[in-house]
Amino acid sequence: MPYHFETARAGDQLRKESVSPAEVALDVAPPVVDAPARVDRTGVELKRGAFLNTIAMLASNFRGIFTFLVARMLGPAALGIFSVAWSTTDIISKIGVLGLDNAITTFIARSEAVANRARSRALFQIAVVLGVAQSIVTALIVIIALRLFNNRLHVQPQMVSALALVLCAMPGLALYRISTAVSRGMKVMQHDIYSRGMTEPIATTLAFLLALAVGFKESSPEVAAIVGTAASGLIALTLASTLFRHVPAHTDDVSPLGEARALIAYAAPISIYQLINAFIARLDLLMLGYFVGRAPGVTLATVGVYSAVIGTANGLRKVNQAFNPIFAPVVAGMTATGDHETAAATYARLAQWMLWILLPLVAVMSLAGGTILLIYGPAFRQGGVWLGIVALASAINAFVALGETVIMVQRPRLNLLHSSITCTVAGAGLLFLIPRFGVMGAAFGILLPYLVQGTLRYVTLRWVFHWKDSWSDIRPPLVAAGIALVPAIVCRIFLGGIVGQVTSAAVFLTVFGVQWWRHHTHRKDERS
């Protein structure tokens, strides 16, 4: 069905008079009569996209080799310094990207829904230029500030030096995030396999070994991070560019300045809550770095151990990356056509899939955390208990991120409100717990805000968007986990050491696997 760009512009002009700036950029929805065909393709799109994103997620875990090498060759203190510096850079990079990575996915998905490929190309170019330029300026400002106020920061000098160096990775991060978001907006998920999944871990690991060989020593992890992110960003840009190879370079229908304004207006609230979310996710490690020598048991070495705990538990956050990149453009299209019932059903389906994956991973990390951390060295075994708590927090964060996506494509300002409340809870909790309980306080201090965040998003979906409860969808994996946990805990109590940890984890996986198979077989019988 023909759909002219001028029509979309007219619709946008009407909305400017009655909606907030964050909603000005919304395009006119494609005709509702097209919705049934799109709904029929939803299951296939989700499964194909989730499969490709899972491959990318698994491939990206090869960066764990880099973390392993840093821990083994430089020790937990060096790993702790780099982890704090990288966490800080990740937070600051949100300012540079300014939410363009999430916003561009929604914009391009809507542009593609009306077959306006020329506008998609223009949006791609605008987002890349804005994101990289802002990241360079932001990095320079922060580096200059660090040099000027170095003596007033009251933190370890090694951390300040590492941060000043690793900030140079920000342009590469922006290039990767925006280019990959463009590919995802086009529902092309495999690009991330090559950029983040393969290029980044390989380039980072090789750069680390080379930097160590030529004498960078303690600065080798920071140098490797700069090289790895730059390589990943360039590959992501090259792959995204191939999607527009046969699209005209210029079109009279697209105003670069107008598109840039609309993009920034939509991205602004997203940028703020992304920054807050990144701050929350890294706040426990940053606070531990600040309290080195000031809280019970908090040293550079224990910060390094805790950073390994976070790195291991963050694998649970990546489970969301298997579903969210394809879910975002799909749900954006559904809500654009007003098909909220199908969007809610799709959300419930993905929520169940995620629980079947997250629950056994949390159980394994909780039951055998000390054994898992031995891969980094004997000194890291003390983090076993911390791993169970942080793993639960990471799983909750990954699960409720689906709700964040639903809210983002419709009412992004609500996510900003949720993140602000969560950040306040996280800051207050960590400031109270770390000085009193050290690293254990940091672990519980990051679990609390994610429980609050999950509650806020549930309330929004239930009472603001009027989506029905999906207890019947999430009940099977929760019941299966409860059944499997009983014999696993018995084994953990009566068997000690590594044997007890491995046995209890194996028992849980076995019982849980049987429960999943029964559920899967029952669903197949119902469909046949």
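Residues numbered from 1 in each chain as written. Predicted model: local features only at pLDDT ≥ 70, side-chain atom pairs only at ≥ 80, totals over all residues. Heavy atoms only, no water.

**Q** Go over the packing of aromatic side chains with me, naming the residues and quoting the values.
**A** Going through the model one piece at a time under the given rule, you end up with 11 aromatic pairs. Here the aromatic rings of Phe66 and Phe208 are separated by 5.6 Å at their centres, their planes lie at 85°, and the arrangement is edge-to-face. With Phe66 in helix α3 (residues 63-74) and Phe208 in helix α9 (residues 191-214), the pair connects residues that are 142 residues apart, well separated along the chain. With respect to burial, Phe66 and Phe208 carry one shared label: buried. An aromatic cluster is present here, built from Phe66, Phe82, Trp86 and Phe208 joined pairwise through their rings. (Phe/Tyr/Trp six-rings, centres within 6.5 Å; stacked < 30°, edge-to-face > 60°. Helix = DSSP H or I, 4+ residues; strand = E, 2+ residues; numbered from the N terminus. Buried < 20%, exposed > 50% of the residue type's maximum accessible area, 1.4 Å probe, protein only.)

**Q** Just give me the short version of the confidence of the model for the protein, but keep the residues and values in it.
**A** With 79% of its residues at a pLDDT of at least 70, the protein reaches an overall mean of 80. Across the protein, helix α10 (residues 220-242) holds the top mean pLDDT of 93, while helix α1 (residues 5-16) sits lowest at 37. Within the model, the stretch residues 1-40 combines pLDDT values under 50 with 58 contacts to residues more than four positions away or in other chains. (pLDDT = per-residue confidence, 0-100. Contact = heavy atoms within 4.5 Å.)

**Q** Could you give an account of the packing of helix α4 (residues 76-97) against helix α7 (residues 157-166), with specific residues and numbers?
**A** At a minimum axis separation of 9 Å, α4 and α7 run at an interaxial angle of 50°. It follows from the interaxial angle that α4 and α7 lie oblique. As for the relative orientation of α4 and α7, their crossing is right-handed in sense. Across the interface between the two elements, Ile81, Phe82, Val84, Ala85, Trp86, Thr88 and Thr89 of α4 pack against Gln158, Met159, Ala162, Leu163 and Val166 of α7. Grouping the constituent residues of the contact of α4 with α7 by class yields 9 nonpolar, 3 polar and no charged. (Axes fitted to C-alpha atoms, helices over the stretch in contact; angles between N-to-C directions. Parallel < 35°, antiparallel > 145°, perpendicular 65-115°, else oblique. Left-handed = near helix turned anticlockwise from the far one by under 90°. Nonpolar A, V, L, I, M, F, W, Y, C, P; charged D, E, K, R; others polar.)

**Q** Tell me about the packing of α4 against helix α6 (residues 117-148), and name the residues and values.
**A** Pairs of packed helices are described in terms of their axes, by the angle between the two and the distance that separates them. At a minimum axis separation of 7 Å, α4 and α6 run at an interaxial angle of 130°. Classified by the angle their axes make, α4 and α6 are oblique. In the packing of α4 onto α6, the handedness of the crossing is right-handed. Between α4, through Ile92, Ile95, Gly96 and Val97, and α6, the contact on the second element is made entirely by Gly131, Gln134, Ser135, Thr138 and Val142. A per-class count over the contact of α4 with α6 returns 4 nonpolar, 5 polar and no charged.

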